[in-house]
Amino acid sequence: MSLVGARVVRKEDPNLISGRGQFVDDVKIAGTAHMVFVRSIEAHAQIKAIDVSAALECEGVIGVWTAENLELAPLPGVPGLERPTLAKEKVRFVGEAIAVVVAENSYAAADGAELVFVEYEPLGVVTSVNEAMADNAPLLYEAIGSNVVMEVPSPDEHQEIIDAAPHSVSMHIVNNRCAPAPMEPLVCLADYGPSGLTLWASFQAPHHLRNTVSSWLGIAQDQCRVITPDVGGGFGAKVNFTPELFIAPTLSKLLGRPIKYTQTRSECMTEMYHGRAQEQDVDIAFDDEGKILALRVMVYQDQGGYADPTGMGLPALTTTMAAGCYMIPNVSVAWKNIVTNTTPVAAYRGAGRPEASYLIERAIDQIAYSLEIDPVEVRRRNYIPTENFPYATHSEIAVYDSGNFAGCMDELLNIMDYDAIRDEQEKNREDPGKPLLGVGFASWLEIAGFGPPGSLEGFGHLGSWESVQVRIQPDGSAIIYTGASPHGQGTVTTFAQIASDYLGIEFDKISVRHGDTATIPQGIGTLGSRAVAVGGEGVKTASVKIVERAKQVAAHLLEANPEDLTVEDGNFSVKGTPAQTVSWAEVAWTSFRPLEIPEEMEPGSLDTTVLQQVPNFSFPSGAYGCVVEIDKETGDTRVRDMYLVDDCGTVISPMLAEGQVHGGVAQGIAQALYEEVKYDENGQPTTGTFVDYLIPAAPELPTFTSGRISTPTPNNTLGAKGIGESGSVGAPPAVINAVVDALRHLDVTHVDMPATPQKIWRILQGGAK
Amino acid sequence: MIPAKFDYKPASSAEEAIALLAEYGDEAKIIAGGHSLLPLMKLRLANPEVLIDIGGINDLSFIEDKGDHIAVGALTRHRLVEQSDLLKEHIPLLAHTAGHVGDPQVRNRGTIGGSLCHGDPASDLPAVVLATRASLLITGPNGERKVEADDFFTDFWETAVAEDELLTEIQFPKFTGQEWSFQKFNRRAQDWAIVGCALQHSDNPGIGMINMGTTPVRASAAEAALKSGEANSDVADLADDGLSPPSDIHGQEDYRRHLSRVLLGRALDNS
């Protein structure tokens, strides 16, 4: 029986639910000292003086360091825009690290940090891209002379087409800033001893961290070991570098003691990279039938106070995917990366693609409003037909691999009763006791499976492949080592499923190990919905190689031809003669015994490492339908139903695929209705706790109704496209399209996220369109 | 999220707690369930030098029928209030509202007295104390005194309980009317109300409002209108009369005023 596609129980769960998981903070080493940061309370200021004397006298404090007395290279980042590891002379956002206090325990360190006094000379503050681009705006980087730190202008060759089109609509829309807020904040523990550095970190890409930290510290990679044990979520924010990861090893070396840092939730909300934070100008031109003639997109990407390489790349991803799943003959894109006095912005679940899906799916609904055509019909008239794949887009990066966009919509309308919802909507509008109903759609598409050669190198990674090592143990069990270190995905389960199918070894005799650069071959990490599409493919490639070699051993034992053997359920047998059989255990054992294997074989050959490459990205897609209810009196907006059709190609584990979609959709609903990081005019965060930053929980979410289409990708032999980010890409436009649909009788054409009850109430009052 | 250093003094009786308060004065804070105080301490917004823990004083956890009223010990957990048959029968508004405080973990830890002494205008239970016209027993070095609900909430996060005193008991007059309602408008199930309203409709109706001022407040104008028999919609229009709701990230003043009228209207229609 094939395990790929089977509903197996997660191998990870017994440990996690019985409290036996091990996260970095659970790692205790004798003699560990603790560090706590003094962080800027000003959004933009000159540092006039730092007084550490009182902190030094605090009981238990070992030392206090600032940029003055700790020589630190800047963080690895964007050339010309390097971020000081501890603030020098100037701070650029609230939460920036200024000083670090090390003490015997975390209590003393926190007490000491409170006794460091920083004298600031406040500077003018910009908290939005508009403020930052204004004439005479305060500059974050005087030497650059502008807060626009990178600009990709549009050739603007389509102005004539847009001008000449029968119809066009322009929108300025905001993709609200979100905080990733993983359950486990950033935690690290550095132990720099005579034999080198061991760094435990809550991180998504251990080798990336190892290579970067070792070169930053100037030590050889063999003497630098990074361990990422159980990681409590990352959502992209644990791929990018922040100062703690470099300061902990520095101080461990200096003090000759292990140093631990456990980020507080308050710090996590201001210091961990934020996501989204885009504004967009969108122009869409179309004919009388709703066929799109041209699309023009201008992205204003807020980078926060410091530019991260991933953050700088977000608008490239957004503009690459701007045309979504539609045939658009003329697409022009442009963007600006802009620094502001806010938390830096980088990858957050979807990273650039939710922003694309949101803009094109909102634009499609604008066509529907304008021509009074049903939004489903507008989509159908513009889908890329199934026979057009591979499909070259306006972007050199994106050649769509495969898809069935109309098929996803057909399936969506199968699982939801669209006509009944429209009827109910009509009735509810007239009935004062009933909520307003809105129904919204999103035919979303994203770019995943990062990726083909060159796709991650630009973000500072060593490569875009993924490493897998398959090692058969002498008893016939197998250990899979993967560089795609997970942070909650269930990789230990899915990779064991794939390995079981292609090795012919039982699922229970396969372990998957990850997250230790000392034992795992050089890998890349889990990001960009790539683990299964690249790493999982690697498991298959390596397993197939191993079985080829094992068949030689089995054939030798059975005195048969290797080509005549099959492997299944832990046994090798001769095709057509099932009685002639030898167990995997016997084959494995024999493979380690030089006198018993074929002469041309080496002992221990059932061990192979592959660096799996893929030729192209994969493009998961789907069709989502959302029904919202709006309280006519209070504006309270709730998602009543969510219909989700996903096409991620081959599904390895249906249960995990559903879980990924549910989690992603929850985050998408959160962005659309609840979450937004906000600052006051002085750059002070006003959403720094979970009281004010509204992460919805189960009671706020509907029961999801799921459907599935499967269009395998040709880019890997599994046919799997990746699914980690899908929900967060598809849900926001579906929800907002539904919210606007509920308000269409008031001629509303757009509501910016998050659609809070107060915002909706003002619209119901006639205060905004 | 590490609090500043503090001394910890468990008290085994109300007398001992009061003696400890006398000893440590304004350096001390009483802790019961800790669900209001500990978050403030972890954010270092509150830095008491001494915590006097009354969590172990079992004598202060009770729900007793006293004839014309039900006496509730200050240390009674929300969960016990929520599940009490005595309260469901005689003060249904209280039992029902206790079931809307936070989430089950909070309700198993948090206490009615702790919630009231925190004096948070955004909390649910102070509105119930106002609506039910409860009395509060406060014990101090000079013995016990009784304070009416209207005199209990004195300022933002300030109550009539002096630094050397302890809230020991809340007395809820038995409800003899038929109609009551609790309305809470929030975004997430476990959140504080953006606006809320507790209504007890009897000969002397009580309406307590949540998050409509710097203290828990009574909707006096609406109460008077209700008492004089005005129509529900006219009563509801007076929900915010004379009140000064705050503007914050969860709602501007005008929105809160609007919500208060909607919620009181719903309370009246549902009661």
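All of these numbers come straight from a predicted model, not from anything done at the bench.

**Details of the sheet that holds strand β1 (residues 33-39) of chain A**
Residue and element names in this part refer to chain A. Pairing is mixed across the open sheet formed by seven strands, whose spatial order is β3-β5-β1-β12-β9-β10-β11. Both edges of this open sheet fall to β3 (61-66) and β11 (224-227), since each of them pairs with a single strand only. Strand after strand, the sheet turns through a mean of 20 degrees between neighbouring axes, direction not considered. Across four bridges, strand β9 (residues 187-193) lies against strand β12 (residues 259-262) in antiparallel orientation. Within β12, the residue paired with C188 across the bridge is Y261.

**A short note on the sheet that holds strand β3 (residues 50-53) of chain B**
Residue and element names in this part refer to chain B. Spatial ordering of the open sheet is given by β1-β3-β2, a layout of three strands whose pairing is parallel. Edge positions in the sheet fall to β1 (7-10) and β2 (28-31), since each of these pairs with one other strand and no more. For this sheet, the mean angle separating the axes of adjacent strands, direction not counted, is 25 degrees. Pairing analysis gives four bridges linking β2 to β3, with the strands arranged parallel. By the bridge assignment for β3, A28 is matched with V50.

**A few points about the packing of helix α11 (residues 375-382) of chain A against helix α12 (residues 405-415) of chain A**
Between two packed helices, the angle of one axis relative to the other and the distance separating the axes together describe the packing. All names here are of chain A. The N-to-C vectors of α11 and α12 enclose an angle of 155 degrees; their axes lie 10 Å apart at closest approach. Here α12 runs roughly antiparallel to α11, going by the angle between their axes. Pair α11 / α12 crosses with left-handed handedness. Packed against α11, whose contacting residues are V376, R379 and R380, the element α12 presents A406, M409, D410 and L413 at the interface. In terms of residue class, the contact of α11 with α12 is built from four nonpolar, no polar and three charged.

**Some points on a nonpolar patch on the surface**
Together, B:M1, B:L43 and B:L45 make up an exposed nonpolar region whose accessible area comes to about 280 Å². Here B:L43 lies in the loop between α2 (37-42) and β3.

**Regarding a negative patch on the surface**
A contiguous patch of negative charge on the surface is contributed by B:D7, B:D26, B:E27, B:E49, B:D155, B:E158, B:E163 and B:D164. Assignment of secondary structure puts B:E163 in the loop between β9 (158-159) and β10 (166-173).

**Focus: the interface of chain B and chain A**
Opposite the 24 residues of chain B that make contact, chain A presents 34 residues. Summing the contributions of chain B and of chain A, the shared interface buries around 2,500 Å²; its carbon and sulfur component is 53%. For A:D111, the salt bridge identified is with B:R44, shortest N-O distance 2.7 Å. A total of six residues in the side of chain B that touches chain A trace back to one element, the largest contributor, which is helix α12 (residues 253-270) of chain B.

**Topic: helix α16 (residues 584-591) of chain A**
All names here are of chain A. The set of residues buried in α16 consists of W584, V587, A588, T590 and S591. The buried residues of α16 occupy an angular sector of 165 degrees when the element is viewed end-on, so they sit on one face. Each element contacted by the buried residues of α16 is listed here: β19 (466-472), α14 (491-503), α15 (531-558), β22 (565-568), β23 (571-574) and β24 (577-583).

**Things to note about the domain arrangement of chain A**
Residues and elements named next belong to chain A. For chain A, the assigned domains read domain 1 (13-123 + 183-233 + 238-271), domain 2 (278-450 + 616-764) and domain 3 (465-612). The C-alpha-based centres of domain 2 and domain 3 are spaced at 40 Å. Tallying the contact residues gives 18 residues for domain 2 and 16 residues for domain 3. For the pairing of domain 2 and domain 3, the buried interface totals around 1,300 Å² over both sides, and the portion due to carbon and sulfur atoms is 57%. Joining domain 2 to domain 3, the criterion identifies zero salt bridges. Scanning the region where domain 2 abuts domain 3 turns up ten residue pairs in polar contact (both at pLDDT 80 or more). Taken together, the residues of the side of domain 2 that touches domain 3 break down into seven nonpolar, seven polar and four charged.

**Section: the pattern of salt bridges**
If you walk through the whole model with that rule in mind, you get 50 salt bridges over all chains. We note a salt bridge from A:D25 to A:K260, for which the minimum N-O separation is 3.5 Å. Of this pair, A:D25 sits in the loop between α1 (13-17) and β1 while A:K260 sits in strand β12, and the two are 235 residues apart along the sequence. With relative accessibility at 32%, the residue A:D25 sits in the partly exposed group. With relative accessibility at 4%, the residue A:K260 sits in the buried group. The partner of B:R107 in a salt bridge is B:E82, with the nearest N and O atoms 3.2 Å apart. In this pair, B:R107 is assigned in helix α6 (residues 104-109) and B:E82 in helix α3 (residues 78-83), connecting sequence segments 25 residues apart. Neither residue differs from the other here; B:R107 and B:E82 are each classed as buried. Here the residues in one salt-bridge network are A:R39, A:R83, A:E244, A:E267 and A:E271, joined through shared partners.

**Here we look at unusual backbone geometry**
All names here are of chain A. Each neighbour pair has its own omega, and for F450 with G451 the value is -15 degrees, a cis peptide bond. As for its position among the elements, G451 is in the loop between β18 (436-445) and β19. With an omega of -10 degrees, the peptide bond between M753 and P754 qualifies as cis. With respect to the element layout, P754 can be found in the loop between α18 (726-742) and α19 (757-764). For N136, which is not a glycine, the phi torsion comes out positive at approximately 60 degrees. Residue position: N136 is located in the loop between α4 (129-133) and β7 (148-152).

**Structural notes on the domain arrangement of chain B**
Residue and element names in this part refer to chain B. Along its sequence, chain B is carved into domain 1 (7-53), domain 2 (58-173) and domain 3 (183-270). One C-alpha centre belongs to domain 2, the other to domain 3; they are set 20 Å apart. The interface of domain 2 with domain 3 comprises 23 residues on the first partner and 23 residues on the second. Where domain 2 abuts domain 3, roughly 1,800 Å² becomes buried across the two surfaces, and 55% of that area is made up of carbon and sulfur atoms. Across the pair D124 and K184 runs a salt bridge whose closest N-O atoms are separated by 2.7 Å. Where the side of domain 2 that touches domain 3 is concerned, the elements lending two or more residues are α8 (125-131) and β8 (153-155). The biggest single contributor to the side of domain 2 that touches domain 3 is α8, with five residues. Residues that form the side of domain 2 that touches domain 3 fall into these classes: eleven nonpolar, six polar and six charged.

Thresholds, definitions, all that
- Residues numbered from 1 in each chain as written.
- Chains lettered and ligands numbered in written order.
- Predicted model: local features only at pLDDT ≥ 70, side-chain atom pairs only at ≥ 80, totals over all residues.
- Heavy atoms only, no water.
- Pairing = 2+ DSSP bridges.
- Helix = DSSP H or I, 4+ residues; strand = E, 2+ residues; numbered from the N terminus.
- Axes fitted to C-alpha atoms, helices over the stretch in contact; angles between N-to-C directions.
- Parallel < 35°, antiparallel > 145°, perpendicular 65-115°, else oblique.
- Left-handed = near helix turned anticlockwise from the far one by under 90°.
- Contact = heavy atoms within 4.5 Å.
- Nonpolar A, V, L, I, M, F, W, Y, C, P; charged D, E, K, R; others polar.
- Patch = residues over 30% accessible without salt bridge, like charges linked within 9 Å, V, L, I, M, F, W, Y side chains within 5 Å.
- Areas by Shrake-Rupley, 256 points an atom, 1.4 Å probe, with all protein chains shown as cover.
- Salt bridge = Lys/Arg side-chain N within 4 Å of Asp/Glu carboxyl O.
- Lys, Arg positive; Asp, Glu negative; His and termini not counted.
- Charge placed at Lys NZ, Arg CZ, Asp CG, Glu CD.
- Buried area = accessible area lost by both parts, 1.4 Å probe.
- Buried < 20%, exposed > 50% of the residue type's maximum accessible area, 1.4 Å probe, protein only.
- Arc of directions from axis to C-beta.
- Domains from an automatic or database assignment.
- Polar contact = N/O pair within 3.5 Å; in protein donor to acceptor, adjacent residues only side chain to side chain.

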